[in-house]
Amino acid sequence: MSLRIRTSALTALTVAALAAGTVLTAPAAGAAPKAAAPKFLSASQLPPHPTSSWTAGPVTEGFPEELGFCVSTEGVPSYDYRYREFRTDLDTGAVQLTVVTDSAALAKALAKHYDDLIRTCADRIEESSPDIEAEGRDYGRVPVEEGARVRGLHTETSWGATDIALLSVGRDGRTVTVVKWGQMGDFGDAPVAAFKRTTSTAVNKLY
């Protein structure tokens, strides 16, 4: 079932930015140099699938629909969004997003905002979709660059469909990356340790 959950995020992101000592307004033209494009995970760096290899798609400009389940661009400045999708031959998929902001302070605020959206995603799913039960779990921080956090999300519909996802948000300087892994199943099917390694690699590999 495809869910598009869009929340009004401007207020939350503004508060986060103020807490970081900045504001969410675009700088004057030429205020920040153009950063080198961040690098992406390769297929071999995803959590291994027991029966199928991963295939990586091309790096694409824009925001991936696969993250619209919990994360969106609503209320966020128009940054440089790029993403890469990954697939197996079965029911498992993944996506990585990179966002280049205008400063490290703005990136810190954006990373917190995205993590907050993921943390509250289960509650928002249940509020908007009464036929779905959702549960989120916090799998803790990953010690890499300016930090990352991994969370899990399980959903089950009234007709029996069940899905598990792992999502992480990490930051290196003024760049934020979000990684999502998902398949049919529950928390027992989630490769948490392997996904933490993938998250660490994703953040380290940005630059």
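Since the structure is predicted, the reported quantities are computational estimates derived from the model, not experimental observations.

Section: the pairing of strand β3 (residues 80-87)
Stage number 1. In this sheet, β3 lies alongside strand β1 (residues 55-56) in antiparallel orientation, the contact comprising two bridges. Looking across to β3, one finds that Thr-55 is bridged to Arg-87.
Stage number 2. In this sheet, β3 lies alongside strand β2 (residues 60-61) in antiparallel orientation, the contact comprising two bridges. Directly across from Glu-61, in β3, lies its bridge partner Arg-82.
Stage number 3. In terms of strand pairing, β3 meets strand β4 (residues 93-100) through eight bridges, oriented antiparallel. Paired with Tyr-81 across the strands is Val-99, a residue of β4.

Observations regarding the state of the cysteines
Stage number 1. Throughout the structure, instances matching the rule amount to one disulfide.
Stage number 2. A disulfide bridge connects Cys-70 with Cys-121, and the sulfur atoms are separated by 1.9 Å. One disulfide, between Cys-70 and Cys-121, carries an S-S torsion of -85° and so falls in the left-handed class. Note that Cys-70 is positioned in the loop between β2 and β3 and Cys-121 in helix α3 (residues 121-128), a separation of 51 residues in sequence. Both residues of the pair, Cys-70 and Cys-121, belong to the buried class.

About the cut-offs
Residues numbered from 1 in each chain as written. Predicted model: local features only at pLDDT ≥ 70, side-chain atom pairs only at ≥ 80, totals over all residues. Heavy atoms only, no water. Pairing = 2+ DSSP bridges. Helix = DSSP H or I, 4+ residues; strand = E, 2+ residues; numbered from the N terminus. Disulfide = S-S within 2.5 Å. Buried < 20%, exposed > 50% of the residue type's maximum accessible area, 1.4 Å probe, protein only.

Nothing here speaks to function; it is all geometry.
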